[in-house]
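# Structural overview for review
Chain by chain, the residues run as shown.
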Amino acid sequence: MESIGVLMTCPMNPYLEQELAKRFTLHRLWKVPDKSTFLTAHRNSIRAVVGSSSAGADAELIEALPKLEIVASFSVGLDKIDLAKCKEKGIRVTNTPDVLTDDAADLAVGLMLAVLRKLCESDRHVRSGKWKKGTYMLTTKVRPLFFAIIDMILMMYGSKRTKRSTNHL
């Protein structure tokens, strides 16, 4: 039985590439000198395309692979995949939604704290050596403002914090 061909349109994590190569005949499109000749030679064996938000599958690539069954993006975005062409041909499309949701939320809270406590300004002050003169005005406590922001976010998502829990923070 012929091995299933998987076409990667861009580099990804070496471990993931190794795992794909163990299971399939893996082709790395970015390493191919003449893409047109390559696609013609492998058009009947490639059944999957793996890409990202920067390199997916456009209409030309999809048309060049008549046995294509799935286009998988290992990113959140689908911008580089011709979704209309995939739908027309009955090709499945996948991506990795919500993969960075928790990290984005963590970053948002971290940035709020950095702004409210003037961390970047304080860091510049210390690095410049001005701290020796004692000229920097320390930031004030921002708990009430921070928790007001958190309460607004929680209300937007239908969750409530009690007055009692706010007072103990």
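Here, every reference points to the structure presented above.
In this text, all values refer to a predicted model and were calculated from it rather than measured experimentally.

### Some thoughts on the overall build of the chain
Per the secondary structure count, the chain includes eight helices and five strands. The helix and strand sequence of the chain, counted from the amino end, reads β-α-β-α-β-α-β-α-β-α-α-α-α. Taking all 169 residues of the chain together, 26% fall into the buried category. Taken as a whole, the chain presents about 12100 Å² of accessible surface, with 59% of it coming from carbon and sulfur.

### Notes on the sheet that holds strand E1 (residues 5-8)
Spatial ordering of the open sheet is given by E2-E1-E3-E4-E5, a layout of five strands whose pairing is parallel. This sheet does not close on itself; its edge strands, each paired only once, are strand E2 (25-28) and strand E5 (92-94). Across the sheet, the mean angle from the axis of one strand to that of its neighbour is 20 degrees, orientation sign disregarded. When strand E4 (residues 70-73) meets E5, the two strands line up parallel, connected through three bridges. Considered in E5, the bridge of Ala-72 is made with Thr-94. On top of the sheet, helix H1 (residues 14-23) reaches E1, E2 and strand E3 (46-51); it is set at about 135 degrees to E2, its chief contact.

### Digging into the pattern of salt bridges
Tallied over the entire structure, the rule returns eight salt bridges. As a salt-bridge pair, Lys-85 and Glu-88 come within 3.5 Å of each other at their nearest N and O atoms. In this pair, Lys-85 and Glu-88 both sit in helix H4 (residues 83-89), three residues apart, roughly one turn of the helix. Here Lys-85 falls in the buried class, since its relative accessible area comes to 16%. Judged by its relative accessible area of 58%, Glu-88 is exposed. It is possible to trace a salt-bridge network through shared partners that takes in Glu-63, Lys-85, Glu-88 and Lys-89.

### Thoughts on the side chain of Glu-19
Mapping Glu-19 onto the fold places it in helix H1. Relative accessible area serves as the criterion here: at 16%, Glu-19 is assigned to the buried category.

### Observations concerning the layout of surface pockets
Any space left empty among the atoms is revealed by the rolling of a water-sized probe across them. As a volume, the largest pocket reaches approximately 270 Å³. As for the largest pocket, its lining consists of 14 residues, of which Val-6, Phe-24, Ala-48, Val-50 and Ile-70 are closest to the centre. At the level of elements, H1, E3 and E4 are the ones that each hand at least two residues to the lining of the largest pocket. For the lining of the largest pocket, the leading source of residues is E3, giving four residues. Taken together, the residues of the lining of the largest pocket sort by class into twelve nonpolar, no polar and two charged.

How each quantity is defined
Residues numbered from 1 in each chain as written. Predicted model: local features only at pLDDT ≥ 70, side-chain atom pairs only at ≥ 80, totals over all residues. Heavy atoms only, no water. Helix = DSSP H or I, 4+ residues; strand = E, 2+ residues; numbered from the N terminus. Buried < 20%, exposed > 50% of the residue type's maximum accessible area, 1.4 Å probe, protein only. Areas by Shrake-Rupley, 256 points an atom, 1.4 Å probe, with all protein chains shown as cover. Pairing = 2+ DSSP bridges. Axes fitted to C-alpha atoms, helices over the stretch in contact; angles between N-to-C directions. Contact = heavy atoms within 4.5 Å. Salt bridge = Lys/Arg side-chain N within 4 Å of Asp/Glu carboxyl O. 1 Å grid on protein atoms, 1.4 Å probe; cavity = no way out; pocket = protein on both sides within 12 Å on 5 of 7 lines; lining within 4 Å. Points joined across faces, edges and corners; volume = space filled by probe spheres on them. Nonpolar A, V, L, I, M, F, W, Y, C, P; charged D, E, K, R; others polar.

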